[in-house]
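# Structural features, examined
Chain by chain, the residues:
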Amino acid sequence: MINSSVLNQVVQGLPSVDARRVFHGRGGLFAGWEQVNIEIYPPVMWVIIYQKIDESDLLVLIEEVISNADSWGIESIYVQRRFLQGNPVEVLFGCDRLLEVDFQVVEQGLKYWVNLGKNQNSGLFLDMCEGRRWVRKVSENKSVLNLFSYTCSLGINAAAGAAKSVVNVDMAKAAIKRGQQNLSINDLGAARVSFIAQDIFKMVKKINQKGPYDLLIADPPSFQSKAFDVRRDYTKLLEKFKGSLAEGAELMLCLNSPALGESFLKELVADVLPQAKFIKRLANPDVLADSSEDASLKVLIFKMEPSL
């Protein structure tokens, strides 16, 4: 028997022109589905299974999707099992023409290259959609620094929002290259957007020389080998770049560690940047609802106030 609450969650997001997450089992609100996320990269439904589960209920759900594939805009369904070595992908419906190849998707009118296959990341983190929306809205005529830019989706939105300049920094050369490709397909004016493919902490002086910045974006990994650990290095990050913040600068600081709540970010900002006022936490899309708000994605906005 199909789980109607799970099906209803999925159906709410279909059909979709935009790439988007349509089911977030990892939020812990659907018993028995905690190891499943489902995303749409039109026309592909992308199912991720994080730990071994009894897949019988999931297969029933997929059969329902297949029976409505035409009206829901689904051409293929791929399942990635991350608990198996190599993150293998199975084609459960349709063909493999969009598997392990680059193709374009759209979100909020902007185009991005993605690749669905054995890699754990497609090239676009769909849970950051509201962060991208906010950046695009506030970037007009601002100098923007985008740290841990990955494929530069936040920087692309800053450029789309008429930013004066954008600096994207990430140590992964392949991610920066993809960011350059994303900029190109959106025709946003390459002259005001720059890219640095280096370890951020090794490029502090060069990055600061490009300032001052009206908007600092930091979306670091929770843990990345020896490169970054949020518990150890977030404070260091703010220390290194606080001198390049313009008067009245805004900060968008992100934290995607279930083990750390928003108080972690608020406390370290209060310590390093006492003149930074907390403005708000960006609401996650409804589909990302979580049994614990502190465990979910945290995107906090701060604004520098004049020193007294």
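Structure: above.
So, here's what we can say about the structure.

Parameters and conventions
- Residues numbered from 1 in each chain as written.
- Predicted model: local features only at pLDDT ≥ 70, side-chain atom pairs only at ≥ 80, totals over all residues.
- Heavy atoms only, no water.
- Pairing = 2+ DSSP bridges.
- Helix = DSSP H or I, 4+ residues; strand = E, 2+ residues; numbered from the N terminus.
- Axes fitted to C-alpha atoms, helices over the stretch in contact; angles between N-to-C directions.
- Contact = heavy atoms within 4.5 Å.
- Buried < 20%, exposed > 50% of the residue type's maximum accessible area, 1.4 Å probe, protein only.
- Salt bridge = Lys/Arg side-chain N within 4 Å of Asp/Glu carboxyl O.
- Core = buried A, V, L, I, M, F, W, Y, C linked by side-chain atoms within 4.5 Å.
- Phe/Tyr/Trp six-rings, centres within 6.5 Å; stacked < 30°, edge-to-face > 60°.

### A word on the sheet that holds strand β4 (residues 76–81)
- Pairing is mixed in the open sheet, where five strands are placed in the order β1-β2-β3-β4-β5. Single-partner strands in this sheet number two, and they are β1 (20–24) and β5 (89–93). For this sheet, the mean angle separating the axes of adjacent strands, direction not counted, is 20°.
- Pairing of β4 with β5, which is carried by four bridges, proceeds in the antiparallel orientation. Residue pairing for β5: Q80 is matched across the bridge by V89.

### Section: the sheet that holds strand β8 (residues 143–147)
- Strand order in the open sheet formed by seven strands is β10-β9-β8-β11-β14-β16-β15, with mixed pairing between adjacent strands. Strand pairing shows two members of the sheet lacking a second neighbour, β10 (193–196) and β15 (276–281), which therefore form its edges. Direction aside, the axes of adjacent strands within the sheet are offset by 15° on average.
- Alignment of β15 against strand β16 (residues 298–304), held across five bridges, turns out to be antiparallel. Across the sheet, K280 pairs through a bridge with I301, a residue of β16.
- Packed on one face of the sheet, helix α4 (residues 129–138) meets β11 (213–218), β14 (245–255), β15 and β16 and runs near 170° to β14.
- Together, β14, β15 and β16 form the strand contacts of helix α9 (residues 262–272), whose direction differs from that of β16 by roughly 20°.

### Considering the environment of V269
- Positionally, V269 belongs in helix α9.
- Residue V269 is classed as buried on the basis of its relative accessible area, which comes to 1%.
- The residues touching V269, leaving out its near neighbours within four places in the chain, are L238, L253, P274, A276 and F302.

### Overview of the pattern of salt bridges
- Under the criterion given, the structure shown has 13 salt bridges.
- When the shortest N-O distance is used, the salt bridge between E75 and R97 registers 2.7 Å. With a gap of 22 residues between them, E75 in the loop between α3 (69–72) and β4 and R97 in the loop between β5 and β6 (102–107) connect regions that are remote in the sequence.
- For the salt bridge of R178 with D102, the shortest nitrogen-to-oxygen distance reads 2.9 Å. On the criterion of sequence distance, the pair formed by R178 in helix α6 (residues 173–186) and D102 in strand β6 is long-range, its members being 76 residues apart.
- What makes R178 buried here is its relative accessible area of 15%.
- D102 gets classed as partly exposed once you look at its relative accessible area, which sits at 41%.
- Here the residues in one salt-bridge network are E262, K266, R281 and E293, joined through shared partners.

### Quick word on the nonpolar core
- Counting 42 residues, the largest nonpolar core has Y41, V105, W134 and M252 as the members making the most contacts within it.
- When residues in this core are grouped by element, the largest group, four residues, is from helix α5 (residues 153–160).
- In terms of nonpolar packing, the next biggest core, distinct from the first, is built from 36 residues, F148, F241, L268 and V269 among them.

### A closer look at the packing of aromatic side chains
- Enumeration according to the criterion identifies seven aromatic pairs in this entry.
- Between the aromatic rings of F23 and F30, the centroid separation amounts to 5.0 Å while the plane-to-plane angle is 55°, which identifies the pairing as tilted. Across the pair, exposure class does not vary: F23 and F30 are buried alike.
- Site record: aromatic cluster; members linked through ring pairs are F148, F201, F228 and Y234.

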